[in-house]
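# Structural features, examined
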Amino acid sequence: DTGENTLHRLQGAARVCKHESLKVFSDTLSSMGSGLVIRSGDAVEELLAVLAAVTTGRRCLVFNKRLEPWHRSRDQEVAEALRSARIEVEAFVGNALYDPEELKPIERWQRWRARVRAEEAENRGLAADSKARSGVPKAQEHISGFGSYRFFHHALEELGPPPHPLGDVKRLPRLPERALRMSVGLEALGYGASAGMAFPRPSRQHAERPTAKQDDWAAEMRRYWSFGEAVAMVRLEHFLAEVLAAGDFEGRKRLRADEQNTSELSPYIRFGELSARTVYWAAKRRREKTSQKLFEDPLHPGAIKANGTFLRRFVWRDLSYWFLYEFPTMSEISLRPQYETEVWTGTGRQLQRWQHGRTGFPLVDAGMRQLWSIGWMPNYLRHLVAQTLIEYMDITWKEGLKWFDWTLVDADVAINAFSWQNGGHSGPDQWEFVLHPVHAAKSCDPEGNYVRRWVPELAGLPTEYLHRPWDAPPRLFSAPMKNVYPSRVLQDLDAARRDHASRVIEVRRRHPEMVARTGHEWLKLPNNPGLLAKLVTRDEFRAETRDFIYKQTPAASGAKAGRRFVPAGRGGDSAQAVR
């Protein structure tokens, strides 16, 4: 559509994924007697031409709403123009559980809070006519925990469960030959062009034309992934029966990068080969329980539902789309605007080493090389490489977002921006944990098999040195180590992390008006004048300390690093135990 906003136009690995997906979709339509018509130009003009070729009777256009605000604006323009031309237009919720426009979580949270307040007042025996028991929301009640799972979950409680997916399409009306003749070839879109084996500049990520397979940077992606709805359904059923049912996604096994304990469904959901509702309800129907847990919860001992964590991922996904709807500049500008003033000291050369998987930290490099090779990496590794870039290398989240946007087959601007902003401290829900580029291996690659696969130059090292090759005796290398594997981009990780924390604390001190008495940070809500949201803020920053409250050590796997205490912070915060 030549009239469309080019902001965050699909690029890189995701374009290749969409190309392969469209190939299968086109073949599927053809097998059902229909077909895929591809046109290039102004959407209104092209749709009118295709509709005229398809039918001479009632003309109707049906489409799924896209989730990005700029695409929604264009869709509305096109729909209005077609209605003016006497075309019936019907739009449906896109590939999400709920329509972002209909969520209204702020208003729903306020109503939930009023109900809770009324129940508490009743339990305290307050008079029935007291204001607290009215159940009426306060006019200007500030939102606590804004952007967290709990905040959003309370909004969804009022909405009820998402709709079930519709049944399979068994047949379609035959597409007239004249309509098929109008179509340009899929190759004309250029989505499948992937020339060059090196790390090209973004402007040269795609060639003007496809090249031979031996010079194809996407060749490994195409070998790794199969495409289409049928393949996606097989992968979904395998995950539900072999991973989810066994409880492996609920406990620590899902952190393992050397095992396939995640779903790998994200590319299929991203491009509509699986609908979010199909996957959600398929997982929701599972009844298995498990004793596997990421952390022990003394308040909830015993077996838990094996599908809980997986289902929550879909809530987070919808929350990301709502945030992009509410904050359309989320992919460009810090949600906490004061963080636009943060000073970042990382260099362009260091960024390039991170992008190329040459930081000198094997686990980080393995993740980045896997990302470049197949366009995907496990969720735990995504957190690790992001925090390496931000917490240690002191490079802005915006650079990480741009690189993921180019290299992920499941690239999604809402999910990427929401996650990178949270990791970069400027989002609504700052990550409380800090993964360590070396010690994280205890959780995700204890035997070193993941590193051996993606960093083959270190494959011969004993496991005890694999994640710390700089400590290995020189005799274990066939050549000087500097000729085998790059030196570390940072020599003192603790010092680097403290320096980064100092710059975050400096932002807070320059903007005291955005810091609550509890040390949490405020956000002014643009569409709710006068209303403030209290944001989840990491304990280290609330205490304004460079000391580590959350630290991953060799003896502590995951994000839990033993027990330390928060020093008293702003406003006399009491000490809090680390989670």
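Bear in mind the structure is a predicted one, so any value in this text is a computation, not a measurement.

### Topic: empty space enclosed by the protein
Enumeration over the complete set of coordinates arrives at 2 cavities of 30 Å³ or more. Taken as a whole, the largest cavity encloses approximately 50 Å³ of empty space. Taken together, Glu391, Arg497, His500, Ala501, Arg538, Glu540, Phe541, Arg546, Asp547 and Phe548 make up the lining of the largest cavity. Elements with a minimum of two residues in the lining of the largest cavity: helix 22 (493-510) and helix 23 (539-542).

### Description of the sheet that holds strand 6 (residues 521-524)
On the basis of which strands lie adjacent, the open sheet formed by 3 strands has the order 3-7-6 and mixed pairing. Each edge of the open sheet is held by one strand with a lone partner, namely strand 3 (143-146) and strand 6. With strand direction ignored, the average angle separating the axes of adjacent strands in the sheet is 40 degrees.

### A look at the nonpolar core
Core analysis: the largest hydrophobic core is formed by 118 residues, its most contacted members being Phe146 and Trp354. With 9 residues, helix 12 (residues 308-326) is the largest single contributor of residues to this core. Each residue touching Phe146, except ones within four places of it in the same chain, is listed here: Ile106, Phe151, Trp322, Phe323, Phe327, Pro428, Leu523, Leu525, Ala533, Lys534 and Leu535. Grouped together as the second largest cluster of nonpolar side chains are 9 residues, Ala79, Leu82, Ile87 and Val89 included.

### Details of unusual backbone geometry
A positive phi angle, close to 45 degrees, is found at Lys104, a residue other than glycine. For Lys104, the location among the structural elements is in the loop between helix 4 (100-103) and helix 5 (105-123). Assessed through its relative accessible area of 45%, Lys104 is described here as partly exposed. Of note in this structure, Glu544 is not a glycine but carries a positive phi near 50 degrees. One can find Glu544 in the segment after helix 23.

### Things to note about the packing of aromatic side chains
Inspection of the entire model under this criterion finds 26 aromatic pairs. Pairing Trp322 with Phe323 gives two aromatic rings, centres 5.1 Å apart and planes at 85 degrees, and the pair type is edge-to-face. Given the relative accessible area of 0%, Phe323 is considered buried. A connected cluster of aromatic rings, assembled from ring pairs, spans Phe146, Tyr149, Phe151, Trp316, Trp322, Phe323, Phe327 and Phe418. Seen from the ring of Phe271, Arg270 lies directly overhead, with NZ or CZ sitting 4.9 Å from the centre.

### A word on the pattern of salt bridges
By the definition in use, this model includes 42 salt bridges. Between Glu544 and Arg509 there is a salt bridge, with the nearest N and O atoms lying 3.1 Å from each other. Note that Glu544 is positioned in the segment after helix 23 and Arg509 in helix 22, a separation of 35 residues in sequence. Through salt bridges with shared partners, one network takes in Arg336, Arg508, Arg509, Glu521 and Glu544.

### Topic: the confidence of the model for the chain
Across the chain, pLDDT averages 89, with 93% of residues at or above 70. Here residues 202-210 is modelled with pLDDT under 50, and outside its nearest four sequence neighbours on either side it reaches 20 contacts, counting other chains as well. Predicted confidence is poor over residues 557-579, with pLDDT under 50, and the contacts of this stretch with residues over four places away or in other chains come to 59 contacts.

### Re helix 17 (residues 413-423)
Counting buried positions along helix 17 gives 9 out of 11 residues, so the element sits mostly inside the fold. Buried residues of helix 17: Val413, Ala414, Asn416, Ala417, Phe418, Trp420, Gln421, Asn422 and Gly423, and no others. Two or three places before Ala414, at the start of helix 17, stands the capping residue Asp412, its side-chain oxygen 3.1 Å from that residue's backbone nitrogen. Just past helix 17, the residue His425 takes up positive phi, approximately 80 degrees.

### A few points about a positive patch on the surface
Taken together, Lys284, Arg287, Lys289 and Lys305 make up a surface patch of like positive charges. Mapped onto the fold, Arg287 is located in the loop between helix 11 (276-284) and strand 4 (289-290). Judged by relative accessible area, which is 67%, Arg287 ranks as exposed.

### Comments concerning helix 5
Here helix 5 contains 19 residues, and its C-alpha end-to-end distance of 27 Å stays within 8% of the 27 Å for a straight helix at 1.5 Å per residue. Of the positions making up helix 5, those classed as buried are Pro105, Ile106, Arg108, Trp109, Gln110, Trp112, Ala114, Val116, Arg117, Ala118 and Ala121. Looking at the buried positions of helix 5, the neighbouring elements they touch are helix 4, strand 3, helix 6 (149-159) and helix 12. Note on helix 5: the residue one or two positions beyond its end, Gly125, has a positive phi of about 80 degrees.

Scoring rules and cut-offs
Residues numbered from 1 in each chain as written. Predicted model: local features only at pLDDT ≥ 70, side-chain atom pairs only at ≥ 80, totals over all residues. Heavy atoms only, no water. 1 Å grid on protein atoms, 1.4 Å probe; cavity = no way out; pocket = protein on both sides within 12 Å on 5 of 7 lines; lining within 4 Å. Points joined across faces, edges and corners; volume = space filled by probe spheres on them. Helix = DSSP H or I, 4+ residues; strand = E, 2+ residues; numbered from the N terminus. Pairing = 2+ DSSP bridges. Axes fitted to C-alpha atoms, helices over the stretch in contact; angles between N-to-C directions. Core = buried A, V, L, I, M, F, W, Y, C linked by side-chain atoms within 4.5 Å. Buried < 20%, exposed > 50% of the residue type's maximum accessible area, 1.4 Å probe, protein only. Contact = heavy atoms within 4.5 Å. Phe/Tyr/Trp six-rings, centres within 6.5 Å; stacked < 30°, edge-to-face > 60°. Lys NZ or Arg CZ within 6 Å of the ring centre and 35° of its normal. Salt bridge = Lys/Arg side-chain N within 4 Å of Asp/Glu carboxyl O. pLDDT = per-residue confidence, 0-100. Polar contact = N/O pair within 3.5 Å; in protein donor to acceptor, adjacent residues only side chain to side chain. Patch = residues over 30% accessible without salt bridge, like charges linked within 9 Å, V, L, I, M, F, W, Y side chains within 5 Å. Areas by Shrake-Rupley, 256 points an atom, 1.4 Å probe, with all protein chains shown as cover. Lys, Arg positive; Asp, Glu negative; His and termini not counted. Charge placed at Lys NZ, Arg CZ, Asp CG, Glu CD. Expected span 1.5 Å × (residues − 1).

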